[in-house]
Amino acid sequence: MTVLLAALRHAETAWSAEGRIQGRTDVLLSDAGRRAFGGWKLPAACEGMRVVTSPLARCVETAALLGAGDAQKEPRLAEMSWGAWEGRRLADLRAELGEAMRANEARGWDFRPLGGETPREVWQRVHAWLTEVANLGQPTLAVTHRGVIRAIFATAAGWDLQGTPPVKLDWTALQVFRLDAEGRPSIERLNVR
(Lines give C-alpha, C1' and ligand atoms only; values in the text may rest on other atoms or scores of the structure.)
Protein backbone atom coordinates (compact mmCIF):
# COMPACT_ATOMS: atom_id res chain seq x y z
CA MET A 1 0.00 0.00 0.00
CA THR A 2 1.17 3.54 -0.74
CA VAL A 3 -0.07 6.88 0.56
CA LEU A 4 0.10 10.44 -0.76
CA LEU A 5 2.10 13.12 1.02
CA ALA A 6 1.74 16.73 -0.08
CA ALA A 7 4.34 19.19 1.21
CA LEU A 8 3.88 22.95 1.28
CA ARG A 9 6.40 25.54 2.40
CA HIS A 10 5.13 28.24 4.74
CA ALA A 11 4.21 31.69 3.43
CA GLU A 12 6.76 34.48 3.22
CA THR A 13 8.38 36.07 6.26
CA ALA A 14 10.42 39.27 6.44
CA TRP A 15 13.55 37.11 6.72
CA SER A 16 12.73 34.97 3.69
CA ALA A 17 12.03 38.14 1.67
CA GLU A 18 15.49 39.43 2.68
CA GLY A 19 17.19 36.11 1.87
CA ARG A 20 18.03 35.44 5.52
CA ILE A 21 18.46 31.91 6.82
CA GLN A 22 15.61 31.21 9.23
CA GLY A 23 16.34 27.72 10.47
CA ARG A 24 14.80 27.16 13.89
CA THR A 25 14.43 30.88 14.62
CA ASP A 26 10.69 31.37 15.11
CA VAL A 27 10.06 34.15 12.60
CA LEU A 28 6.44 35.22 12.03
CA LEU A 29 4.81 35.63 8.62
CA SER A 30 5.08 39.03 6.98
CA ASP A 31 2.01 41.00 5.97
CA ALA A 32 2.87 40.17 2.34
CA GLY A 33 2.97 36.47 3.19
CA ARG A 34 -0.37 36.67 4.95
CA ARG A 35 -1.95 38.46 1.98
CA ALA A 36 -0.52 35.95 -0.51
CA PHE A 37 -1.82 32.91 1.34
CA GLY A 38 -5.03 34.52 2.58
CA GLY A 39 -6.70 33.89 -0.79
CA TRP A 40 -4.76 30.76 -1.75
CA LYS A 41 -6.76 27.58 -2.19
CA LEU A 42 -5.30 24.11 -2.00
CA PRO A 43 -5.54 22.04 -5.19
CA ALA A 44 -8.40 19.53 -5.40
CA ALA A 45 -5.90 16.69 -4.84
CA CYS A 46 -5.53 17.89 -1.23
CA GLU A 47 -9.22 17.82 -0.36
CA GLY A 48 -9.84 15.57 2.59
CA MET A 49 -6.15 15.28 3.51
CA ARG A 50 -5.28 15.51 7.15
CA VAL A 51 -3.04 18.54 7.77
CA VAL A 52 0.08 18.38 9.94
CA THR A 53 2.36 21.35 10.53
CA SER A 54 5.79 22.19 11.83
CA PRO A 55 5.46 23.73 15.30
CA LEU A 56 7.20 26.92 14.16
CA ALA A 57 4.84 29.91 14.03
CA ARG A 58 5.30 30.61 10.32
CA CYS A 59 3.96 27.14 9.47
CA VAL A 60 1.21 27.12 12.08
CA GLU A 61 -0.08 30.45 10.75
CA THR A 62 0.16 29.27 7.13
CA ALA A 63 -1.91 26.19 8.01
CA ALA A 64 -4.49 28.45 9.69
CA LEU A 65 -4.68 30.66 6.60
CA LEU A 66 -5.48 27.53 4.60
CA GLY A 67 -8.34 26.68 6.97
CA ALA A 68 -6.44 24.19 9.14
CA GLY A 69 -6.05 26.16 12.35
CA ASP A 70 -6.38 22.95 14.34
CA ALA A 71 -3.61 21.11 12.46
CA GLN A 72 -1.50 18.70 14.49
CA LYS A 73 1.98 20.08 15.26
CA GLU A 74 4.83 17.67 14.50
CA PRO A 75 8.30 18.61 15.85
CA ARG A 76 10.06 16.43 13.26
CA LEU A 77 8.77 18.78 10.55
CA ALA A 78 10.74 21.74 11.99
CA GLU A 79 13.27 23.41 9.73
CA MET A 80 16.91 22.33 9.60
CA SER A 81 18.89 23.98 12.38
CA TRP A 82 21.43 26.41 10.94
CA GLY A 83 22.97 27.11 14.35
CA ALA A 84 25.11 30.25 14.46
CA TRP A 85 24.27 31.05 10.83
CA GLU A 86 20.58 31.75 11.43
CA GLY A 87 19.71 35.31 10.50
CA ARG A 88 22.63 35.49 8.05
CA ARG A 89 22.48 35.50 4.24
CA LEU A 90 23.97 32.56 2.35
CA ALA A 91 25.69 34.91 -0.12
CA ASP A 92 27.40 36.73 2.77
CA LEU A 93 28.55 33.44 4.30
CA ARG A 94 29.96 32.31 0.95
CA ALA A 95 31.87 35.59 0.56
CA GLU A 96 33.12 35.53 4.14
CA LEU A 97 34.10 31.85 4.36
CA GLY A 98 35.26 31.36 0.78
CA GLU A 99 36.82 27.97 0.05
CA ALA A 100 35.79 26.53 3.43
CA MET A 101 32.13 27.22 2.58
CA ARG A 102 32.49 25.77 -0.93
CA ALA A 103 34.03 22.60 0.52
CA ASN A 104 31.28 22.36 3.13
CA GLU A 105 28.52 22.78 0.53
CA ALA A 106 30.21 20.16 -1.69
CA ARG A 107 29.58 17.63 1.10
CA GLY A 108 25.91 17.47 0.00
CA TRP A 109 23.98 15.41 2.56
CA ASP A 110 26.74 16.05 5.12
CA PHE A 111 26.88 19.87 4.78
CA ARG A 112 26.87 21.26 8.31
CA PRO A 113 26.25 24.90 9.31
CA LEU A 114 28.23 26.07 12.34
CA GLY A 115 26.41 24.57 15.34
CA GLY A 116 23.59 23.26 13.13
CA GLU A 117 22.42 19.97 11.67
CA THR A 118 23.11 18.28 8.34
CA PRO A 119 20.50 17.52 5.67
CA ARG A 120 21.16 13.83 6.45
CA GLU A 121 20.10 14.43 10.07
CA VAL A 122 16.99 16.27 8.84
CA TRP A 123 16.17 13.30 6.60
CA GLN A 124 16.60 10.83 9.46
CA ARG A 125 14.06 12.58 11.69
CA VAL A 126 11.65 13.28 8.83
CA HIS A 127 11.92 9.70 7.53
CA ALA A 128 10.84 8.38 10.94
CA TRP A 129 7.71 10.55 10.67
CA LEU A 130 7.09 9.53 7.04
CA THR A 131 7.16 5.89 8.10
CA GLU A 132 4.41 6.65 10.61
CA VAL A 133 2.40 8.46 7.91
CA ALA A 134 2.79 5.46 5.59
CA ASN A 135 1.66 3.05 8.31
CA LEU A 136 -1.34 5.25 9.14
CA GLY A 137 -2.31 5.11 5.47
CA GLN A 138 -4.05 8.49 5.47
CA PRO A 139 -3.16 11.06 2.77
CA THR A 140 -1.40 13.92 4.55
CA LEU A 141 -0.52 17.53 3.81
CA ALA A 142 2.59 18.75 5.66
CA VAL A 143 3.00 22.51 6.08
CA THR A 144 6.72 22.71 6.60
CA HIS A 145 10.01 24.26 5.48
CA ARG A 146 12.35 24.38 2.53
CA GLY A 147 15.01 22.21 4.20
CA VAL A 148 12.49 19.48 5.04
CA ILE A 149 10.95 19.47 1.55
CA ARG A 150 14.44 19.48 0.02
CA ALA A 151 15.42 16.37 1.99
CA ILE A 152 12.24 14.56 0.91
CA PHE A 153 12.70 15.65 -2.71
CA ALA A 154 16.39 14.73 -2.80
CA THR A 155 15.61 11.25 -1.50
CA ALA A 156 12.77 10.78 -3.99
CA ALA A 157 14.85 12.08 -6.91
CA GLY A 158 18.07 10.27 -5.96
CA TRP A 159 19.85 13.64 -5.80
CA ASP A 160 22.98 13.86 -3.63
CA LEU A 161 22.36 17.56 -2.79
CA GLN A 162 25.44 18.54 -4.77
CA GLY A 163 25.26 20.99 -7.63
CA THR A 164 22.05 21.94 -9.37
CA PRO A 165 18.91 20.01 -8.38
CA PRO A 166 17.39 17.82 -11.10
CA VAL A 167 14.17 19.90 -10.98
CA LYS A 168 13.71 23.49 -9.84
CA LEU A 169 11.12 23.53 -7.07
CA ASP A 170 8.66 26.41 -6.85
CA TRP A 171 8.62 27.20 -3.13
CA THR A 172 5.16 28.76 -3.39
CA ALA A 173 3.66 25.57 -4.88
CA LEU A 174 2.76 22.16 -3.53
CA GLN A 175 5.13 19.17 -3.88
CA VAL A 176 3.38 15.80 -3.95
CA PHE A 177 5.07 12.50 -3.14
CA ARG A 178 3.93 8.90 -2.78
CA LEU A 179 5.21 7.01 0.26
CA ASP A 180 5.84 3.28 0.23
CA ALA A 181 5.25 1.10 3.28
CA GLU A 182 8.66 2.05 4.71
CA GLY A 183 8.05 5.78 4.30
CA ARG A 184 10.36 6.13 1.28
CA PRO A 185 9.11 8.86 -1.06
CA SER A 186 8.77 8.83 -4.82
CA ILE A 187 7.78 11.86 -6.84
CA GLU A 188 4.09 12.03 -7.71
CA ARG A 189 3.82 15.65 -8.98
CA LEU A 190 5.95 18.73 -8.40
CA ASN A 191 5.13 22.45 -8.42
CA VAL A 192 1.37 21.90 -8.18
CA ARG A 193 -0.87 24.97 -8.05
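Everything below is about the structure shown above.
So, here's what we can say about the structure. (Residues numbered from 1 in each chain as written. Predicted model: local features only at pLDDT ≥ 70, side-chain atom pairs only at ≥ 80, totals over all residues. Heavy atoms only, no water.)

From N to C terminus, the protein includes 7 helices and 6 strands. Walking the protein from its N terminus toward its C terminus, one meets helices and strands in the order β-α-α-β-α-β-α-α-α-β-α-β-β. Along the first, second and third principal axes, the C-alpha set of the protein runs to 50 × 40 × 25 Å. Within the protein, the proportion of its 193 residues that are buried is 47%. At a minimum sequence separation of 6, the contacts of the protein that also span at least 24 residues come to 66%. The average position of the 25 basic charges and that of the 23 acidic charges among the side chains of the protein differ by 2 Å. (Helix = DSSP H or I, 4+ residues; strand = E, 2+ residues; numbered from the N terminus. Buried < 20%, exposed > 50% of the residue type's maximum accessible area, 1.4 Å probe, protein only. Contact = heavy atoms within 4.5 Å. Lys, Arg positive; Asp, Glu negative; His and termini not counted. Charge placed at Lys NZ, Arg CZ, Asp CG, Glu CD.)

So, on to the side chain of H10. Tracing the chain through its elements places H10 in the loop between β1 (3-9) and α1 (14-17). At 3.3 Å, the side chain of H10 forms a polar contact with the side chain of R58. Setting aside residues no more than four positions away along its own chain, H10 makes contact with Q22, R58, C59, T62, T144 and H145. (Polar contact = N/O pair within 3.5 Å; in protein donor to acceptor, adjacent residues only side chain to side chain.)

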